[in-house]
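What follows is the residue order along each chain.
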Amino acid sequence: MPARIDLHTHSNRSDGTQTPTELMREASAVLDWVALTDHDTTAGWAEARSVAEDLGLGFIPGMEISAKDGWRSVHILAYLIDPGSPGLMAELQRVRDDRSARAERIVKNISRDYELTWEDVVAQTRDGATVGRPHIADALVAKGIVSDRGDAFDGILHPRAGYYEGHYAPSPLDVVGLIKAAGGVSVVAHPTPSGRARMMSLEAYDELIDAGLGGLELDHRENTADGVAVLRKLAKKRDLIVTGSSDYHGAGKPNRLGENTTSEAMLKRILEAGTGSQPLHPAR
Ligand code: AMP
Ligand code: FE
Ligand code: FE
Ligand code: ZN
């Protein structure tokens, strides 16, 4: 049987709902390899690796980095980076700090119309976790203002609801360069969530590939078919790595572990190209 490989998951070190330990245990039941890719942080790596080792589960240290291409939010997965790389870590600290200040601004906006305080959001956020709208959503649920995260994102947290604030993020080109300098492999996460017309331009992709972009996450539930068709051609032409993953967030999203997977051949390319940190091979 081919190995079951899921390269995009979140723990409560960002906006997943499970500890790295719980996540690795669940992954071990359905997968042979898993990557932990919390938003803008490596805080879950040590715990996840040690539990994966006990379970004999293959483990890839990873991260999902927030970037911005003009108005477009672009998420870039980084695998096997060196967590000591100063350029990358300084940039991530800046992103996390601004995410926190921005979450406070959103809460202030919401508090004009609803009973919500910053303390309510802090209570939903694990110490040191990367703060995002999902934590505000959890606070809105706890206060009984909405029924679940999805409800919050469709309503109060929607950019057009009037409470939204953006946060600082580097350009995709900067992020790809920082990942490369940290010995990692970069893969654009869910590259076409809202149709071909709204995805990054092919000129921008060419520039990223020239700068060292490794691959595209083409099998992801949020991608649209028209965009994927274009990007599959690009991947073939430029010999990119193509991945499939769940983007599991525990109870925070409907996505299930292993609902999309990556082939062994593509994993092999990531393992060969990533030199900044060590993967853990499955032992069972
Ligand atoms: P932020 O980066 O703080 O703007 O929040 C965006 C994050 O919220 C994304 O990375 C997703 O993980 C999560 N998210 C987006 N839409 C939803 C949704 N409908 N339900 C749950 N989580 C969501
Ligand atoms: Fe997320
Ligand atoms: Fe994402
Ligand atoms: Zn994600």
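Relevant structure appears above.
Reading guide: rules and limits
- Residues numbered from 1 in each chain as written.
- Chains lettered and ligands numbered in written order.
- Predicted model: local features only at pLDDT ≥ 70, side-chain atom pairs only at ≥ 80, totals over all residues.
- Heavy atoms only, no water.
- Buried < 20%, exposed > 50% of the residue type's maximum accessible area, 1.4 Å probe, protein only.
- Helix = DSSP H or I, 4+ residues; strand = E, 2+ residues; numbered from the N terminus.
- Arc of directions from axis to C-beta.
- Contact = heavy atoms within 4.5 Å.
- Donors = N, O, S within 2.8 Å, 3.2 Å for Na, K, Ca; no water.
- Tetrahedral: all angles 85-135°; square planar, octahedral: opposite > 155°, others 65-115°.
- Salt bridge = Lys/Arg side-chain N within 4 Å of Asp/Glu carboxyl O.
- Pairing = 2+ DSSP bridges.
- Right-handed = clockwise from strand over helix to strand, strands pointing away.
- Core = buried A, V, L, I, M, F, W, Y, C linked by side-chain atoms within 4.5 Å.

**Student:** Would you mind going over helix H8 (residues 202–210) with me for this structure?
**Tutor:** Residue pairs three or four apart in sequence face the same way in an α-helix, which turns once every 3.6 residues. For H8, every residue scored as buried is listed here: Ala204, Tyr205, Leu208 and Ile209. Viewed along the axis of H8, the buried residues span an arc of 135 degrees, placing them on a single side of the element. Facing away from the buried side of H8 by more than 90 degrees, the exposed set consists of Glu203 and Asp210. Looking at the buried side of H8, the elements it contacts are helix H7 (172–181), strand E5 (185–188), strand E6 (215–219) and helix H9 (225–237). One or two residues past the end of H8 sits Gly212, with phi positive at roughly 115 degrees.

**Student:** Explain the coordination of the zinc ion (ligand 4) to me, please; I cannot follow it from the model alone.
**Tutor:** When a metal carries six donors in an octahedron, the ideal angles between them are 90 or 180 degrees, while four donors in a tetrahedron ideally lie at 109.5 degrees. Around the zinc ion (ligand 4), the donor atoms from the protein are His8 (NE2), His10 (NE2), Glu64 (OE) and Asp247 (OD), and they sit 2.0 to 2.2 Å away. In this structure, the zinc ion (ligand 4) is coordinated by 4 donor atoms arranged in irregular fashion, with angles at the metal of 78 to 165 degrees. For the zinc ion (ligand 4), all donor residues lie on one chain, and their spacing in sequence is H-x1-H-x53-E-x182-D. Here the zinc ion (ligand 4) and the iron ion (ligand 2) are spaced 4.3 Å apart. Taken as a pair, His8 in the loop between strand E1 (5–6) and helix H1 (20–30) and Asp247 in the loop between strand E7 (241–244) and helix H10 (264–273) lie far apart in primary sequence, 239 residues in all.

**Student:** Explain the pattern of salt bridges here, please?
**Tutor:** Two side chains bearing opposite charge may form a pair once their charged atoms approach each other closely. In this structure the tally under the stated criterion is 15 salt bridges. Between Glu259 and Arg221 there is a salt bridge; the shortest N-O distance is 2.8 Å. You can see Glu259 sitting in the loop between E7 and H10 and its partner Arg221 sitting in the loop between E6 and H9, a full 38 residues away along the chain. A residue is classified by how much of its surface remains accessible, and Glu259, at 30% relative accessible area, is partly exposed. A relative accessible area of 42% places Arg221 in the partly exposed class. What emerges from the salt-bridge pattern is a single network uniting Arg4, Asp32 and Arg284.

**Student:** Is there a simple way to explain the pairing of E6 in this structure?
**Tutor:** On any regular strand, side chains alternate: one points to one face of the sheet, the next to the other face. The element E6 is extensively covered by neighbouring structure, given that 4 of its 5 residues are classed as buried. As defined by bridge partners, E5 adjoins E6 across 2 bridges and the pair is classed as parallel. When the bridges of E6 are listed, Val188 appears paired with Leu216. Each parallel crossover has a hand, and the one from E5 via H8 to E6 is right-handed. Relative to E7, E6 runs parallel, the two sharing 4 bridges. Bridge assignment links Leu216 to a residue of E7, and that residue is Val242.

**Student:** Before we go on, may I ask you to explain unusual backbone geometry in this structure?
**Tutor:** Leave glycine aside and you will find that most residues have negative phi; peptide bonds, for their part, are mostly trans. Although it is not a glycine, Asp40 adopts a positive phi angle of roughly 55 degrees. Position of Asp40 relative to the elements: it lies in the loop between strand E2 (33–36) and helix H2 (45–55). Even without being a glycine, His190 presents a positive backbone phi close to 25 degrees. Tracing the sequence through the fold places His190 in the loop between E5 and H8.

**Student:** Looking at this structure, how should I read the nonpolar core?
**Tutor:** Taken as a class, soluble globular proteins show a tendency for nonpolar side chains to be buried jointly. Among the nonpolar cores identified, the biggest contains 61 residues, and Met24, Tyr79 and Leu216 are the most heavily contacted of them. Residues Val146, Ile156, Leu157 and Tyr163 belong to the second largest nonpolar core, which totals 17 residues.

**Student:** Sorry, what's going on with the coordination of the iron ion (ligand 3) here?
**Tutor:** The protein atoms donating to the iron ion (ligand 3) are Glu64 (OE), His75 (ND1) and His190 (NE2), with metal-donor distances spanning 2.0 to 2.3 Å. In primary sequence terms, the donor set of the iron ion (ligand 3) follows E-x10-H-x114-H. A spacing of 5.3 Å is found between the iron ion (ligand 3) and the iron ion (ligand 2). One end of the pair, His75, is in strand E4 (residues 72–79); the other, His190, is in the loop between E5 and H8, with 115 residues separating them in the sequence. When sorted by exposure, His75 lands in the same class as His190, which is buried.

Any link to function would need more than the numbers given here.
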